[in-house]
Amino acid sequence: MSYHVTLIGSFRNDQDKLQDIYNKLAEKFTLLSPESISFTSDENGFVKTDKELEQSISEIEKKHLNAIKQSDFVVLHAPDGYVGNSASLEIGFAYALGIPILADETQHDATI
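Model, not experiment: these values are computed from the prediction. (Residues numbered from 1 in each chain as written. Predicted model: local features only at pLDDT ≥ 70, side-chain atom pairs only at ≥ 80, totals over all residues. Heavy atoms only, no water.)

**Describing the overall build of the protein**
Here comes step 1: Of the regular secondary structure elements, the protein holds 3 helices and 6 strands.
Here comes step 2: When its helices and strands are written in sequence order, the protein yields β-α-β-β-β-α-β-α-β.
Here comes step 3: The C-alpha radius of gyration of the protein comes to 13 Å, within 12% of the 13 Å expected for a compact globule of 112 residues.
Here comes step 4: Residues classed as buried in the protein amount to 38% of the 112 residues present.
Here comes step 5: Look at the contacts in the protein between residues 6 or more apart in sequence, and 71% of them connect residues 24 or more apart.
Here comes step 6: Averaging the locations of the 9 positively and 18 negatively charged side chains of the protein gives two centres separated by 5 Å. (Helix = DSSP H or I, 4+ residues; strand = E, 2+ residues; numbered from the N terminus. Rg over C-alpha atoms; globule rule 2.2 N^0.38 Å. Buried < 20%, exposed > 50% of the residue type's maximum accessible area, 1.4 Å probe, protein only. Contact = heavy atoms within 4.5 Å. Lys, Arg positive; Asp, Glu negative; His and termini not counted. Charge placed at Lys NZ, Arg CZ, Asp CG, Glu CD.)

Listed below in structure tokens is the structure:
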């Protein structure tokens, strides 16, 4: 049985660590989202891949939230403890669904 996982967090910061986490997750689990971290565009602080350029931020986020819903757990990439607005939404969504959240670093915000 392969566990389903979604990677959440800051996709603009610490790209090397993000790539390392992404590769490890894809190697060991069924990684539902993101499909790729080869980002080519930054729209108002929201990164997109070439395949996502024509999609709205809302459409991309809805797909990501749907992936979280289908996940056995999520992994939060939060370089230096940074959690932005999108990641906060995703953490709250996973938490409300009772989906375990693993983090690669300690968070600055005590509520997270």
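The discussion continues.
**Looking at the sheet that holds strand S2 (residues 30-33)**
Here comes step 1: Taken in spatial order, the 4 strands make up an open sheet running S2-S1-S5-S6, and their pairing is parallel. In the strand order of this sheet, the two ends are held by S2 and strand S6 (101-103), each with one partner. For this sheet, the mean angle separating the axes of adjacent strands, direction not counted, is 35°.
Here comes step 2: Of the strand pairs in this sheet, strand S1 (residues 4-9) and S2 are connected by 3 bridges, and their pairing is parallel. Bridging across to S2, His4 finds its partner in Thr30.
Here comes step 3: Taken strand by strand, helix H3 (residues 85-96) contacts S1, strand S5 (73-77) and S6, and its axis lies near 145° from that of S1. (Pairing = 2+ DSSP bridges. Axes fitted to C-alpha atoms, helices over the stretch in contact; angles between N-to-C directions.)

**Observations concerning helix H2 (residues 57-69)**
Here comes step 1: Spanning 13 residues, H2 covers 18 Å between terminal C-alpha atoms, matching the ideal 18 Å at 1.5 Å per step.
Here comes step 2: Taken as a whole, H2 has its buried residues at Ile60, Glu61, His64, Leu65, Ala67 and Ile68. One face of H2 carries all of its buried residues, which in axial projection span an arc of 155°. The exposed set on the far side of H2, more than 90 degrees from its buried face, consists of Lys62 and Lys69.
Here comes step 3: Looking at the buried side of H2, the elements it contacts are S1, S2, strand S4 (46-49), S5 and H3. (Expected span 1.5 Å × (residues − 1). Arc of directions from axis to C-beta.)

**Regarding the nonpolar core**
Here comes step 1: Ranked by size, the top nonpolar core spans 12 residues in total: Val5, Leu7, Phe11, Leu18, Ile21, Tyr22, Leu25, Leu31, Ile37, Val47, Phe73 and Val75.
Here comes step 2: Among the secondary structure elements, those contributing two or more residues to this core are S1, helix H1 (15-28) and S5.
Here comes step 3: Residue contributions to this core peak at 4 residues, all from H1.
Here comes step 4: Setting aside its immediate chain neighbours within four residues, Ile37 contacts Gln15, Leu18, Gln19 and Tyr22.
Here comes step 5: Core analysis: the second largest hydrophobic core is formed by 11 residues, Ala87, Ile91, Ala94 and Ile99 among them. (Core = buried A, V, L, I, M, F, W, Y, C linked by side-chain atoms within 4.5 Å.)

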